[in-house]
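Structural overview for review
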Amino acid sequence: MELTKATLLKEIETKLSRHFGCTLEEAGKTELFKACATVMRDIMASRLMESEDKREKSGEKQVHYMSLEFLIGRSFLNNAYNLGLLDLFRETLGDVGIDIKDLMETEPDAGLGNGGLGRLAACYIDSMASLGLNASGYSIRYEHGLFKQRIVEGQQIELPDSWLDIGEVWLMPRMDEVREVRYGGRIDEQWHENRMVPELKDYTTVLAVPYDMLIPGHGTKNVCTLRLWSARSPVELDMTLFSRGEYLKAVEQHAMAETISKILYPDDKHIEGKSLRLKQQYFFVSATVQDIIDKHRKRWGTLENLAEKHVIQINDTHPAMVVPELMRILLDEEGYSWEKAWDIVTKTVAYTNHTIMAEALEQWPASLFEMNMPRIWAILREINQRYCAMLWRLYPGNFDKISRMSIIADNMVKMANLSVVSSFSVNGVSELHSNIIKDSVFHEYYEITPEKFTNVTNGIAHRRWLCEINPGLTKLLSSCIGDGFISDPSKLKDFERFAGDKSVLDKLARIKRDNKRELARFLKQQCSLSIDPSSMFDVQVKRLHEYKRQFLNVLAILERYIEIKNNPKGEFVPKTYIFGAKAFPGYYTAKQIIRLINSVAAYIDRDPAMKGLLKVAFVENYRVTAAERIIPAAEVSEQISVAGKEASGTGNMKFMINGAITLGTLDGANVEISEAVGDNNIFIFGLKAHEVEALRPCYNPSDIYQENERLREVFELINCGFGDGVNYSELITPLLVGESPDTYMLLADFDSYCEAHRKVDEAYKDKPRWNRMSLMNIANAGRFSSDRSIRDYANKIWHV
């Protein structure tokens with residue numbers, strides 16, 4: 001049935017009556033939101049049935065994208081846009097006096113991720129649906145997201161991020177496809193049909209209940225499924241214990257089971273947290289593999305063709321246990337030989353690496369595997385033993401090399417090594433990153449199997465991060481080059497021919513001003529922050545980590561503050577620095593940097609000499625919804641990680657496509673952005689990746705400190721404090737002394753960074769030049785669409 005305003009309104013009224021027992025006039029915002037969402041969900045469910053019917057008939061290969069994070073954000077706008085119903089909903093609701101913008105504000109961000117890893121996965125499943133792929137995503141249905149951030153007296157406070165009360169409207173429970181995940185127990189080996197079969201006994205069972213979130217493609221009726229697993233106990237209540245008055249113990253098993261999907265990334269600084277993390281990963285992997293195998297067996301009747309019909313893409317190492325779990329099923333339940341099972345697994349699994357930082361390459365104590373997943377532990381030992389035997393034949397007597405390359409060493413299980421060894425493809429996420437993993441991080445594996453290493457540069461869902469969040473710019477682009485770029489982002493390149501058109505450049509500037517005013521209103525309303533839309537908006541919003549160098553940004557802000565104080569009659573570009581970041585609860589240094597940013601912001605606000613010239617704003621509870629307001633308004637995009645540490649980044653691409661100019665190092669995808677826009681349309685500073693590595697052995701930041709008067713003044717200002725009684729010497733000291741001072745080269749890049757800011761200011765004063773730079777960034781952003789990324793995966797890795 002084709003929807004019209006009349007039929008849509010009737011559908012909404014029917015949902016309100018059936019699910020909430022109210023009329024349109026009686027309904028509150030929450031009821032109305034859920035009714036509209038349910039209308040869309042029903043349409044998507046109908047399209048999904050059509051999509052699955054076509055896939056069933058074609059027998060085409062299916063992609064399973066496994067990620068512990070899918071940072072979806074809000075779904076209403078994206079679903080309505082992709083379904084082609086946004087204008088119809090806007091007009092239908094408008095006719096009865098309901099503002100669709102107010103309605104969309106009712107929806108919480110889905111608590112399914114933390115940062116770039118999860119946002120990338122969300123972009124990818126959107127593109128997979130839009131490109132018509134036979135694909136599905138798998139993750140966990142977290143009851144709470146990472147946390148809701150509050151800033152109290154400058155410090156981060158973590159509160160529960162509960163989203164399901166409203167957000168569950170998008171989820172479809174599939175109680176007929178519940179899976180059983182087993183923990184603990186002991187292995188008992190029995191002879192069966194002339195072979196020894198390991199049997200797990202005395203185990204604890206946790207049920208994995210699937211909830212499907214439907215992802216509609218744009219310009220197609222194709223719908224993909226994001227399956228989210230929720231942990232449940234098979235026993236709600238132990239009545240025997242309850243009857244004896246042991247009430248807490250009676251519900252203990254139920255509570256422990258549900259803890260597995262309670263929260264994203266439990267703190268793993270203690271053994272209980274490590275154990276929960278590992279249980280969480282195995283829960284996710286075991287349920288997913290069982291799901292894939294069960295559906296394949298029903299369709300094909302054999303697992304011989306599993307690798308021909310499926311590819312499992314693991315997004316980072318969190319799903320790496322897919323390898324031993326798939327081996328377990330093939331060996332123990334299907335009766336395959338080790339060699340045949342290993343052949344199937346290593347032709348089915350592909351691995352995307354997202355980090356080269358040693359501390360971020362997951363390692364888990366072997367004891368946790370032995371205690372929680374004894375059969376998985378036995379399989380891991382066998383994989384390790386066979387791989388080390390192969391290495392011994394290649395490198396006889398080279399114990400150090402074999403230990404480095406082994407999967408288990410020093411009572412630790414190295415998940416990245418497992419992923420590389422077991423996958424038919426290993427890809428990095430930018431050209432620089434892929435070269436680094438071949439040349440250093442995984443070089444020894446590359447020497448053995450160079451054919452499995454490749455690159456797929458990350459991309460963003462340009463329809464969401466341009467068309468949906470920046471309608472003014474989208475309208476200008478459509479009027480200039482047509483709307484073909486919506487389905488084919490490479491056509492953005494046609495916008496380049498307007499680089500000399502004053503009328504278009506003026507319109508571009510007006511759109512940016514309007515977006516800045518909108519952001520100022522949003523921050524005033526949501527965060528009680530007052531910012532001046534006439535100032536330059538310089539933005540750094542991302543996860544708080546030392547390598548991302550928010551601290552370097554603060555040092556440069558203080559250098560600017562001192563310069564303004566020393567030159568009261570100088571001409572300065574008014575500038576607002578906007579930060580947004582969450583620090584992991586157990587990451588003390590990161591939390592102190594957030595506190596420092598807020599101390600500096602308050603200090604500057606109290607100084608009348610800074611009025612109209614310098615402002616620092618920290619946006620509380622940064623998330624997808626906040627990013628959708630900030631990014632269209634940004635003029636400078638801070639991408640300043642130390643070169644060689646950022647795998648790719650995707651925020652840089654979102655800012656670029658919305659016309660912000662990148663100020664960054666040659667790190668991650670900044671390298672490719674620089675190549676795309678040319679040196680005249682980006683501000684690059686700092687050491688290059690190879691220069692960082694060459695300098696590191698002899699690096700002495702104290703020498704830079706002694707020779708740099710401006711840097712000493714900045715440090716003195718920090719050491720004197722900002723009038724709030726907080727001592728930040730613990731942030732300063734590690735930059736100057738210690739075993740490896742200034743690990744992330746802040747002092748080495750300080751002068752270059754400050755000089756780059758001066759170049760930004762000069763360019764900003766020349767409005768026609770700045771607007772041309774903005775246009776050139778937009779026009780060259782098409783190659784950074786996730787549509788291109790997914791086509792690369794499809795052609796180079798998945799072969800679908």
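1. Examining the pairing of strand 6 (residues 179-183)
- Covered by surrounding structure in strand 6 are R179, V181 and Y183 only, the residues E180 and R182 on the alternate face being uncovered.
- The pairing of strand 6 with strand 9 (residues 204-216) spans five bridges and is classified as antiparallel. If you follow V181 over to strand 9, its bridge partner there is V206.

2. A look at the nonpolar core
- Within the largest apolar cluster, 282 residues are counted, with the highest numbers of intra-cluster contacts made by I12, F89, M128, F369, F495, F551 and W798.
- In this view, F89 contacts L8, I12, C36, V39, M40, F76 and I100; residues no more than four positions away in its chain are not counted.

3. Points about the sheet that holds strand 23 (residues 683-684)
- As summarised here, the arrangement of the six strands in space is 20-19-18-21-22-23, forming an open sheet in which the pairing is parallel. Edge positions in the sheet fall to strand 20 (614-619) and strand 23, since each of these pairs with one other strand and no more.
- Sheet topology note: the strand 18 (residues 536-541)/strand 19 (residues 575-580) ladder contains six bridges and is parallel. Bridging across to strand 19, V539 finds its partner in I578.
- Lying on the sheet, helix 25 (residues 588-606) is in contact with strand 19 and strand 20; it crosses strand 20 at an angle near 140 degrees.

4. Some remarks on a nonpolar patch on the surface
- A cluster of nonpolar side chains, V152, I157 and L159, forms an exposed patch at the surface whose accessible area comes to about 220 Å².
- With respect to the helices and strands, V152 occurs in strand 3 (residues 148-152).

5. Overview of unusual backbone geometry
- Here the phi dihedral of D316 falls at roughly 75 degrees; this positive angle occurs in a residue that is not glycine.
- Note that D316 resides in the loop between strand 11 (310-315) and helix 13 (322-333).
- Located in the positive-phi region is H799, a residue other than glycine, with phi close to 55 degrees.
- Inspection of the secondary structure assignment puts H799 in the segment after helix 35 (786-798).

6. Section: the pattern of salt bridges
- For the coordinates displayed, the defined rule picks out 58 salt bridges.
- Ionic pairing is found between D42 and K15, a salt bridge with its closest N-O pair at 2.3 Å. Separated by 27 residues along the polypeptide, D42 in helix 2 (residues 29-58) and K15 in helix 1 (residues 5-20) bring together distant segments of the chain.
- Judged by its relative accessible area of 34%, D42 is partly exposed.
- Among the salt bridges present, the one from E56 reaches R299, with a minimum N-O distance of 3.0 Å. One end of the pair, E56, is in helix 2; the other, R299, is in helix 11 (residues 271-300), and 243 residues separate them in sequence.
- Of the residues examined, E56 reaches a relative accessible area of 44% and is grouped as partly exposed.
- Judged by its relative accessible area of 30%, R299 is partly exposed.
- The network of salt bridges with shared partners includes R174, D176, E177, R179, D212, R227, D291, D294, K295 and K298.

7. Some thoughts on the sheet that holds strand 15 (residues 412-414)
- Strands sit in the order 13-15-14 across an open sheet of three strands; the sheet is antiparallel. Taken across any chain shown, the strands that pair with only one partner, and hence form the sheet edges, are strand 13 (363-365) and strand 14 (408-409).
- Note that strand 14 and strand 15 share two bridges and pair antiparallel. Across the sheet, A409 pairs through a bridge with M412, a residue of strand 15.
- The sheet contacts of helix 18 (residues 415-422) involve strand 13 and strand 15, and relative to strand 15 the element is tilted by about 45 degrees.

Rules and cut-offs
All residue numbers refer to positions counted from 1 along the written sequence of the respective chain. The model is predicted, so local features are restricted to residues of pLDDT at least 70 and side-chain atom pairs to those at 80 or more, both for listing and for counting; the totals for chains, interfaces and linings are taken over all residues. Remark: hydrogens and water are excluded; side-chain values derive from all non-hydrogen atoms of the structure. For every residue, the accessible area (1.4 Å probe, protein chains only) is compared with the maximum for its type, and the residue is labelled buried under 20%, exposed over 50%, or partly exposed between those bounds. Secondary structure counts use DSSP, requiring at least four H or I residues in a row for a helix and at least two E residues in a row for a strand, with both numbered from the N terminus. Should DSSP find at least two bridges between two strands, the strands are taken to pair. The set of buried Ala, Val, Leu, Ile, Met, Phe, Trp, Tyr and Cys residues whose side-chain atoms join them within 4.5 Å is what this entry labels a nonpolar core. The contact criterion used is simple: two residues touch if any of their non-hydrogen atoms lie within 4.5 Å. For every element, the axis is a line fit to its C-alpha atoms; helices are fit only across the contacting stretch, and the angle between N-to-C directions ranges from 0 to 180 degrees. Two distance rules govern patches: like charges are joined within 9 Å, and nonpolar side chains (Val, Leu, Ile, Met, Phe, Trp, Tyr) within 5 Å, applied only to residues with over 30% relative accessible area and no salt bridge. Working definition of accessibility: Shrake-Rupley area with a 1.4 Å probe, residue cover restricted to the visible protein chains. Definition used for salt bridges: Asp or Glu carboxyl oxygen within 4 Å of a side-chain nitrogen of Lys or Arg.

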